[in-house]
Amino acid sequence: MSQSMAEKTFQQGEARGERRGEKRGIEIGEKRGELRAKRQATLTLLQLRFDNVPDTLIRKINAMRSMARLDALYEKAALATTLEDIDWENL
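Residues numbered from 1 in each chain as written. Predicted model: local features only at pLDDT ≥ 70, side-chain atom pairs only at ≥ 80, totals over all residues. Heavy atoms only, no water.

Student: Could you clarify how one ought to interpret helix 3 (residues 67-79) in this entry?
Tutor: Because each turn of an α-helix spans 3.6 residues, side chains separated by three or four positions end up pointing in the same direction. The first and last C-alpha atoms of helix 3 sit 18 Å apart over 13 residues, in line with the 18 Å expected at 1.5 Å per residue. Considering only its buried residues, helix 3 is in contact with helix 1 (5-50) and helix 2 (55-63). (Helix = DSSP H or I, 4+ residues; strand = E, 2+ residues; numbered from the N terminus. Expected span 1.5 Å × (residues − 1). Contact = heavy atoms within 4.5 Å.)

Shown next as structure tokens:
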């Protein structure tokens, strides 16, 4: 039995929507992975430089969702002499 034009159009639209959704899902997954990696790199840097990183700071870093904020923190962590040198409230 042959498909009607409407059914064929519907199936094509559905397939395009699935491809777009899949692409968007991949983009979201990549962004989450980048954020997770930056958080881990920042925590590793802080632990290497300052030994004991308080749990409150670890939780704060793990809650960060902004790559710009994480980048700024990473730079500050690399340059700071002590943990207190980092302006935690304005990150």
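Student: Looking at this model, I keep getting lost on the nonpolar core. Mind explaining?
Tutor: Soluble globular proteins: nonpolar side chains tend toward being buried together. Core analysis: the largest hydrophobic core is formed by 17 residues, its most contacted members being Leu 46, Ile 61, Leu 73, Leu 83, Ile 86, Trp 88 and Leu 91. Every element with two or more residues in this core is listed here: helix 1, helix 2 and helix 3. Looking at which element gives the most residues to this core, the answer is helix 1, with five residues. (Core = buried A, V, L, I, M, F, W, Y, C linked by side-chain atoms within 4.5 Å. Buried < 20%, exposed > 50% of the residue type's maximum accessible area, 1.4 Å probe, protein only.)

Student: What should I look at first to understand the pattern of salt bridges in this one?
Tutor: Once the charged atoms of two side chains with opposite charge are near each other, the side chains can pair. Scanning the entire structure with this criterion turns up one salt bridge. Residues Asp 71 and Lys 38 are paired through a salt bridge, measuring 3.0 Å at the closest nitrogen-oxygen approach. Note that Asp 71 is positioned in helix 3 and Lys 38 in helix 1, a separation of 33 residues in sequence. Of the residues examined, Asp 71 reaches a relative accessible area of 28% and is grouped as partly exposed. (Salt bridge = Lys/Arg side-chain N within 4 Å of Asp/Glu carboxyl O.)

Student: Would you mind going over the environment of Asp 71 with me for this structure?
Tutor: Expressed as a C-alpha distance, the spacing of Asp 71 and Arg 36, which sit 35 residues apart in the sequence, is 12 Å. Within polar-contact distance, the side chain of Asp 71 engages the side chain of Lys 38 at 3.0 Å. (Polar contact = N/O pair within 3.5 Å; in protein donor to acceptor, adjacent residues only side chain to side chain.)

Student: What's the story with the side chain of Arg 39 in this structure? I'm lost.
Tutor: Within the secondary structure, Arg 39 sits in helix 1. Salt bridges are absent for the buried Arg 39, whose nearest opposite-charge side chain, Glu 34, sits at 11 Å. Excluding anything up to four places from it in sequence, Arg 39 contacts Ile 61, Asn 62, Met 64, Arg 65 and Leu 70. (Lys, Arg positive; Asp, Glu negative; His and termini not counted.)

Student: Is there a simple way to explain the packing of helix 1 against helix 3 in this structure?
Tutor: Two measures define how a pair of helices packs: the angle their axes make with one another and the distance between the axes. Between helix 1 and helix 3, the shortest axis-to-axis distance is 10 Å and the interhelical angle comes to 15°. What the angle tells us is that helix 1 and helix 3 run roughly parallel. Crossing geometry of helix 1 relative to helix 3 is assigned as left-handed. Residues Glu 34, Leu 35, Lys 38, Arg 39, Ala 41, Thr 42, Leu 45, Leu 46, Arg 49 and Phe 50 of helix 1 form the contact with helix 3, whose participating residues are Met 67, Leu 70, Asp 71, Leu 73, Tyr 74, Ala 77, Ala 78 and Leu 79. By residue class, the composition of the contact of helix 1 with helix 3 is 12 nonpolar, one polar and five charged. (Axes fitted to C-alpha atoms, helices over the stretch in contact; angles between N-to-C directions. Parallel < 35°, antiparallel > 145°, perpendicular 65-115°, else oblique. Left-handed = near helix turned anticlockwise from the far one by under 90°. Nonpolar A, V, L, I, M, F, W, Y, C, P; charged D, E, K, R; others polar.)

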